[in-house]
Amino acid sequence: MMEPLIKGPAGLEYLKKAFANRYGPPTDAHTSLPLTMQWLSSVHSSAEQEWDEYKDSVSSLTVNNERLYQGLPPTTLRTGGSIPMASRLGSPSSKGERVDLLVRVGLLKLVNEIGGLMLETLPETLKLNLSRLRGVQSQFQKIIVIATRSLYSMMEPWGLSLFPSERIWRARVPPKVAFFAWEASWGKVLTQEQLQRRGFSLANRCFLCLSEEETMDHLLLHCIKTRILWNLLFSLFGISWTLSGTVKTTLLGWNGGFVGKRRKKAWQMAPLCIFWSVWKERNRGSLAESHSSLLRLRIWFSNSLIANVYLKQSLSLSLSLSLSFFFYVLMRPIFHVYVFYSVLVLRQTLLSENMVTTAADMENIVSSCIKQLSKLLDTVEDVGISEIVGTISSFPEGNNHTLNPEKLQARKEVMANMLGKSLQAGDAIFTRVSHTVYLAARGIVLGGNGLKGRQLAEAALRRIGASLLTENVVEAAEVLIVVTTVSSSVHGAWYEELVKNL
Ligand SMILES: [Zn+2]
């Protein structure tokens, strides 16, 4: 959109004039640019902190990576391809100058939002860049989705053949899932209500919401926790649907002729999957009597957000793929989440201790660690953090013998700490991955698309095993540098005026 206009200084002058004609002189900025004002002040409070964090990561980079990167040519960088400004201006890294920093961080935060950018709410100074920024936004969302998926396949290397998303489509649901739905619809499942009828005296309380009475219909259809899943499902299919009162009538009325041939299988599987997931959850909750079920439903929900993003943004991945991913995630037992975080912790520890030198070694260690963890989780009921840490701290195998007892103990404590933090409510996989991608992008946006920025991005992505995506992050993020550079030259006077009173 603005490409033909930014060929040189004359182009910038032209843009400046056009902007002044539309919004008046910089001295009027406070009244004429309310959205820009709002945008800058929303970034204002965090920009300093972002800058400090950035500088910290630069200095730790120098310490950690000097050895690794010695001998590399200082400029293996792309010049920004078809985008003329980045190369013309040479060094696009930030010096931390106030307006420049605010615009860079502000742009990063804009494209990091989940919802699509809208012309009406975009700052006045950026309106010409709407489609460009939307493009960056969807690139970041794609990267997040790919990174998350690759994490799943990493934590379960053999699982792709056992439970591939394709197979969910071709096969029907597993027999036990179908069987459960059949039982539920005939009222044969042992809920508390059923137990009471048989003469057991129990406080009949739903284990998910902890407030309503537990009946099969409440649990599987009407509980507010279950509703999250149903609503998500309906929004994925883009329909509104009223659930019937009972499990049986819901299944009887579940005709999906309108969803189309391609989505029909998913539609048919959906209620069975939800019943099964909720039932598994309920039994875990009732055994442990804990609130952890809230966390798990939230984790499902966050993961499903990824699928949701596909649909809302109409990204290139097909509808069927995103839906199968949704069910794939939905039907995963909780212990995968433990395995997932344990593997992250192990990777982080090994990297920080410089225990592993090649990617292939790392993959081997990770995959045998996953096998041992899965065995542990399958055979031991109520596995706690200490058992998990006991397993992961023994990697690389034989490590226990070479470390002295105090050192091993310290290592275990660090791991337990990290794992505990990771499993805290809200820190779901999606949040984790998207934050990492944000940090990687910040490395580029503040550090430039040269070697420094690249190293920062790669270091961030490596923590989730996604360093292969560095180039994609660079490509998306360098557009933001260009937008910053152009916008600062064109709107600099207006920005200065607005920033004065922050
Ligand atoms: Zn409930």
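Please refer to the structure higher up on the page.
Per chain, residue numbering runs from 1 following the sequence as it is written. Restriction of local features to residues with pLDDT of at least 70 applies here, the model being predicted, together with a cutoff of 80 or more for giving and counting side-chain atom pairs; totals for whole chains, interfaces and linings are based on all residues. As a convention, hydrogens and water are excluded, and side-chain values are obtained from all of the structure's heavy atoms.

J.: Quick question: what am I supposed to make of the pattern of salt bridges here?
T.: If the charged atoms of two oppositely charged side chains come close together, the side chains can form a pair. Salt bridge, as applied in this entry: a Lys or Arg side-chain nitrogen positioned within 4 Å of an Asp or Glu carboxyl oxygen. In this structure the tally under the stated criterion is 8 salt bridges. In this structure, the salt-bridge partner of Glu 497 is Lys 500, at a minimum N-O distance of 3.2 Å. Pair noted here: Glu 497 and Lys 500 are both in helix H24 (residues 470-500), with a separation of 3 residues, about one helical turn. For each residue, the accessible area found with a 1.4 Å probe, counting protein chains only, is set against the maximum for its type, and the residue is called buried under 20%, exposed over 50%, and partly exposed in between. Using a relative accessible area of 18% as the deciding quantity, one classes Glu 497 as buried. Here the salt bridges do not stand alone but share partners, grouping Glu 50, Glu 53, Lys 109 and Arg 442 into one network. A run of H or I in DSSP becomes a helix once it reaches four residues, and a run of E becomes a strand once it reaches two; helices and strands are each numbered from the N terminus.

J.: In this structure, what is going on with the nonpolar core? I would like to understand it.
T.: Nonpolar side chains tend toward joint burial in soluble globular proteins. Residues grouped as a nonpolar core are buried Ala, Val, Leu, Ile, Met, Phe, Trp, Tyr and Cys residues, joined through side-chain atoms within 4.5 Å. Membership of the largest hydrophobic core comes to 80 residues, with the highest contact counts inside it found for Trp 39, Leu 107, Leu 126, Leu 133, Phe 140, Val 473 and Leu 480. Two domains each put at least three residues into this core: domain 1 (8-153 + 431-500) and domain 3 (335-427). Contacts are assigned to residue pairs with any non-hydrogen atoms lying within 4.5 Å of each other. If near-sequence neighbours (up to four positions away) are discounted, Trp 39 is found in contact with Val 103, Gly 106, Leu 107, Leu 110, Pro 123, Thr 125, Leu 126 and Tyr 495. If you look at the next biggest cluster of nonpolar residues, it comprises 23 residues, including Cys 209, Leu 219, Leu 233 and Trp 276. Segmentation of the chain into domains, including their bounds, is taken from an automatic or database domain assignment.

J.: What exactly am I supposed to notice about the packing of aromatic side chains here?
T.: Aromatic ring pairs are described here by two measures, namely the spacing of the ring centres and the angle between the planes. Pairing of aromatic rings covers Phe, Tyr and Trp, the last counted by its six-membered ring, and requires centre-to-centre distances within 6.5 Å; plane angles under 30 degrees mean stacked, over 60 mean edge-to-face, and any other angle means tilted. This structure, assessed with the given rule, holds 3 aromatic pairs. Seen from their ring centres, Phe 19 and Tyr 23 are 4.8 Å apart, and the 40 degrees between their planes marks the pair as tilted. On the criterion of helical spacing, the pair formed by Phe 19 and Tyr 23 is a turn pair, its members being 4 residues apart in helix H1 (residues 9-23). Look at Tyr 23 and you get buried, because its relative accessible area is 15%. When the centroid spacing of 5.0 Å and the interplanar angle of 85 degrees are considered together, the rings of Phe 19 and Trp 494 count as edge-to-face. Taken together, the positions of Phe 19 in helix H1 and Trp 494 in helix H24 put the pair 475 residues apart, joining distant regions of the chain. Here the two residues Phe 19 and Trp 494 agree in accessibility, since each one is buried. Each member of the aromatic cluster is reached from another via a ring pair, and the members are Phe 19, Tyr 23 and Trp 494.

J.: Please explain the packing of helix H5 (residues 98-112) against H24 as it appears in this structure.
T.: Each packed pair of helices is defined by two parameters, the angle between the axes and the distance between the axes. An axis is simply a line fitted to the C-alpha atoms; with a helix, the fit covers only the stretch in contact. Between two such axes, the angle follows the N-to-C directions and lies from 0 to 180 degrees. Relative orientation of the contacting elements H5 and H24 amounts to 120 degrees, with a least axis distance of 9 Å. In terms of orientation, H5 lies oblique with respect to H24. Considering the relative orientation of H5 and H24, their crossing is right-handed. Facing H5, whose interface residues are Arg 98, Val 99, Asp 100, Leu 102, Val 103, Arg 104, Leu 107, Leu 108 and Val 111, H24 presents Leu 480, Ile 481, Val 483, Thr 484, Tyr 495, Glu 496 and Val 499. Convention used here: angles under 35 degrees read as roughly parallel, angles over 145 as roughly antiparallel, angles from 65 to 115 as roughly perpendicular, and any remaining angle as oblique. By convention, the crossing between two helices is left-handed when the near helix turns anticlockwise from the far helix through less than a right angle, and right-handed when the turn is clockwise.

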